[in-house]
Amino acid sequence: MSWTPIAADTPLRDLIGTSVVAEVRDAVEDEEEDEVSHVVVARFRADPRGVRIDEVLRRLDTGDVASHRWGAPWRSVLPEATPLDAALLALRRVRTLRAAQVPVRWPAVGGRVLSVVVAVLIMVPVLWRAFAAGDPGVSVLAVVYGPLVGALFWPRRTGTPSLAPGPKITDDWRDLTPRRVLELLPSAPPLSGRGPTPADRAGVVRARYGELLSDVIYRIENSALFDASVPQTQRFQLALLAWDPAAENADALATELEESFAAARRIAEDLGLEHLPTTAREPARRAALVVTTALGTEEAPEREAAARKAADLLNDLALYYLPAIDPGVPSLVGERRAILP
């Protein structure tokens, strides 16, 4: 087994074609509150937009830490000049303590695809029998419970694994648990000294925020990040407006952009659907499930029907910070119409 330690500030372009394991901790202001290390497993591939990252965060303060399951990876794209530590900060709000290039076996089928396949496999036979028997009640149960079961396989940002297969790290013939991976991780080498410029750092935040804007499920389930009435979100939006790469204090502006983005994401993900008015939470939860089905199907009629159902649910809520649904756009995120005076 050969694990090669790498500097935490290694640019992503130098990691293309490799897999990396990193020891991380939550990026909290009071470090004394966070004494638990967690593990991130990531792989890096070339992408026309930069570097494609498939990554899994496995928290060691929740769930079954003795389990070999890592959960399904999330996929993101960041600029190729982004340092590894800045990428993990933007993607997972964690600071990197040490990292190494490690041989990793990745699943052939992603969690999102598997989630939709499971939902369809549950719904189709039941719907067929309900149609043959003329029982609409069974049809309703299939439509409700199919996506619910499929959601168990959907990738999670929480750090606890879903039921979908994830990466495997082995020592000879044994699968390693996350805790054992930490024990085997080599010591951190010195930083490479190729630290990012303020513009690089701002570019990471802007790229990650852009990805979240086009992630319709994230926007439904973590809507506080897009609601300017939330103080942390307002601070982040002001930092975006204030950013100027030519300013003398560009370094301070980039720091404010990073910190405000991390704070806004943290409060949004902590609140989740609880940020919505009480009467809006269940419709939003149903909309997220319907969108999951729409994003996973390749059949145009099914995709459009599911997208329109989600659009109707969200339009009825009339909340400006929830996404507009456009069935004709691959991401399903449409442009919200301006409200005329």
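Described in the following lines is the structure provided in the data block. (Residues numbered from 1 in each chain as written. Predicted model: local features only at pLDDT ≥ 70, side-chain atom pairs only at ≥ 80, totals over all residues. Heavy atoms only, no water.)

A few points about the environment of Val-36
Selection rule: Under the DSSP-based scheme used, a helix requires at least four consecutive residues in state H or I and a strand at least two consecutive residues in state E, with every element numbered from the N terminus. Between two residues, a contact is recorded if the distance between any of their heavy atoms is within 4.5 Å.
The topology assignment puts Val-36 in the loop between strand S2 (19–26) and strand S3 (38–47). Put simply, Val-36 and Val-24 are 12 residues apart on the chain and 8.8 Å apart in space, counted from C-alpha to C-alpha. If sequence neighbours within four positions are ignored, Val-36 has contacts with Val-24, Arg-25, Leu-60 and Asp-61.

What to know about the environment of Phe-226
To keep things clear, this is the line we draw: Categorising residues by exposure relies on relative accessible area from a 1.4 Å probe, with only protein chains included: less than 20% of the type maximum marks a residue as buried, more than 50% marks it as exposed, and the intermediate range marks it as partly exposed.
Note that Phe-226 resides in the loop between helix H6 (216–221) and helix H7 (231–242). Look at Phe-226 and you get buried, because its relative accessible area is 8%. Spatially, the C-alpha atom of Phe-226 lies 8.5 Å from that of Leu-213, the residues being 13 residues apart in sequence. Once residues lying within four places of it in the same chain are set aside, the contact partners of Phe-226 are Tyr-209, Leu-212, Leu-213, Tyr-218, Arg-219, Thr-233, Tyr-320 and Tyr-321.

Examining the pattern of salt bridges
The condition that has to hold: Here, a salt bridge means any side-chain nitrogen of Lys or Arg that lies within 4 Å of a carboxyl oxygen of Asp or Glu.
Evaluation of the coordinates by the stated rule reveals 21 salt bridges. A salt bridge links Glu-23 to Arg-98; the shortest N-O distance between them is 2.4 Å. Remark: Arg-98 occurs in strand S6 (residues 94–101) and Glu-23 occurs in strand S2; sequence separation between them is 75 residues. Residue Glu-23 is classed as buried on the basis of its relative accessible area, which comes to 11%. Take Arg-98: its relative accessible area is 19%, and that puts it in the buried class.

Some points on helix H1 (residues 84–92)
H1 sits mainly inside the fold: 7 of its 9 residues count as buried. Inspection of H1 places Leu-84, Ala-86, Ala-87, Leu-88, Ala-90, Leu-91 and Arg-92 among the buried residues, and these make up the whole buried set.

Things to note about the packing of helix H5 (residues 198–213) against helix H8 (residues 250–271)
Applied cut-off: Helix axes use the C-alpha atoms of the stretch in contact, all axes being lines fitted to C-alpha atoms, and the angles between their N-to-C directions lie in the range 0 to 180 degrees. Roughly parallel means an angle under 35 degrees; roughly antiparallel means over 145; roughly perpendicular covers 65 to 115; every other angle is labelled oblique. Helix crossings get a hand from a simple test, with the near helix turned counterclockwise from the far one by less than a right angle marking a left-handed crossing and a clockwise turn marking a right-handed one.
Close contact between H5 and H8 brings their axes to 8 Å; oriented N to C, the two are set at 25°. In terms of axis orientation, H5 runs roughly parallel to H8. Where H5 crosses over H8, the two elements pack in a sense that is left-handed. Taking contact as the criterion, the partners of Pro-198, Arg-201, Ala-202, Val-205, Arg-208, Tyr-209 and Leu-212 in H5 are, on H8, Ala-250, Asp-251, Ala-254, Thr-255, Leu-257, Glu-258, Phe-261 and Arg-265.

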